[in-house]
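Commentary on secondary and tertiary structure
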Amino acid sequence: MPAHGLSATDAERLREFERLGHDRVAQTYHAFFSPVTALAIEPLLDAVLVTSGVRLLDVACGPGALTAAAANRGAQAVGVDLSPRMLELARQLHPGVDFHEAEVEHLPFADGSFDAVTCSFALGHLPYPELALAECVRVLSAGGWIALAWWDHPDRQRIQGVFREAIAELGAQPPPDVPQGHTILRFCETKEFLALLCGAGLAEVAIEERGTTYTIPDTETFWHGGLGSFVLTAAAIRAQDTAMQRAIRAAFERRIEPYRRDRGFVMPIGFKIGRGRKAQPGSTARPTT
Ligand SMILES: C[S@@+](CC[C@H](N)C(=O)[O-])C[C@H]1O[C@@H](n2cnc3c(N)ncnc32)[C@H](O)[C@@H]1O
């Protein structure tokens, strides 16, 4: 199965970039960004109907908060990720929860091993999203649910949006070690997200949009938190010379100013939950959104 817009070499480079990048940021990601991705935990668990005894696989689990929340509901929860440092952190934070090192595209589980699969904010990082989803569906039992969270467009998902816009405003070019041809924004488009889910042969496909806010106390926390969480953005900024980095930071500070309130920067958060059900033999795939 070909990677979308990527050569095979760049697809493998992207996977390695993701592994090294998330190894590097595991602790800082958890400190700054886990509370933001946590906003999708309950909607995802509800979307796949997690109750006691459900066998749940959480792919690209990062520091493991969703896997642990499923275990707290009484599920037999397993988390996988390709970053060893993320998994080390997940095991420290959630002792007793089962975590394994694995790529979403090659899951070390037999067909039909799980009643439910979740994927929280990893879709745009994957070099082979179609292959990854097919692999998730393979390990799902017939009639089981899968749900994936992904961000809305940067104009509605403002935490990453302000960084992207500051970089674009200055025309800063990405460093050569960042794989080209990949667009992390592809699944912000509901049409693309739906096509992915339907293309995997899922039934009862639906996409739900969610909007909320998240407050970041001050500029330093925001800037360093972003650099310590967003691997592509951080690579793009760190590759610049000092003058350009200063200019990007100035543009960033100007762009966060409209969100300043008494308690800090109140940032709009937009994300989507896409879900579908592994078809029973003889059923048809039809979107309901
Ligand atoms: C933005 S983080 C999301 C982590 C967590 N699910 C959350 O919601 O906070 C993306 C995660 O995907 C993992 N990842 C990226 N590509 C992967 C792949 N091909 N297979 C498995 N994990 C992958 C990264 O290591 C990272 O932990």
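Let me sum up the structure you'll find in this document. (Residues numbered from 1 in each chain as written. Predicted model: local features only at pLDDT ≥ 70, side-chain atom pairs only at ≥ 80, totals over all residues.)

Helices and strands together make up the secondary structure of the chain, namely 11 helices and 8 strands. The C-alpha radius of gyration computed for the chain amounts to 19 Å, which stays within 12% of the reference 19 Å derived for 289 residues, consistent with globular compactness. Along the first, second and third principal axes, the C-alpha atoms of the chain reach 60 × 40 × 35 Å. Within the chain, the proportion of its 289 residues that are buried is 46%. (Helix = DSSP H or I, 4+ residues; strand = E, 2+ residues; numbered from the N terminus. Rg over C-alpha atoms; globule rule 2.2 N^0.38 Å. Buried ≥ 20, exposed ≤ 12 C-beta atoms within 10 Å, placed from the backbone.)

The subject of this paragraph is the site of the ligand. Close to the ligand lie 20 residues; His 22, Thr 37, Ala 60, Gly 62 and Ser 120 are nearest. At the level of elements, helix H1 (8–32) and helix H2 (34–37) are the ones that each hand at least two residues to the shell around the ligand. A per-element tally of the shell around the ligand places H1 first, with 3 residues. Looking at the shell around the ligand, its residues break down into 8 nonpolar, 7 polar and 5 charged. (Near = placed C-beta within 6 Å. Nonpolar A, V, L, I, M, F, W, Y, C, P; charged D, E, K, R; others polar.)

Moving on, we get to the environment of Pro 281. Residue placement: Pro 281 occurs in the segment after strand S8 (264–278). The class of Pro 281 is exposed, set by 5 C-beta atoms lying within 10 Å. For the pair Pro 281 and Arg 55, spaced 226 residues apart in sequence, the C-alpha separation works out to 21 Å.

Counting 93 residues, the largest nonpolar core has Leu 44, Val 59, Val 117, Cys 136 and Ile 146 as its most contacted members. Among the elements that line this core, the one with the most residues is strand S5 (residues 140–151), at 8 residues. Excluding its chain neighbours within four sequence positions, the residues that come into contact with Leu 44 are Leu 66, Thr 118, Ser 120, Ala 147, Ala 149 and Ile 273. (Core = buried A, V, L, I, M, F, W, Y, C linked by C-beta atoms within 7 Å. Contact = placed C-beta atoms within 7 Å.)

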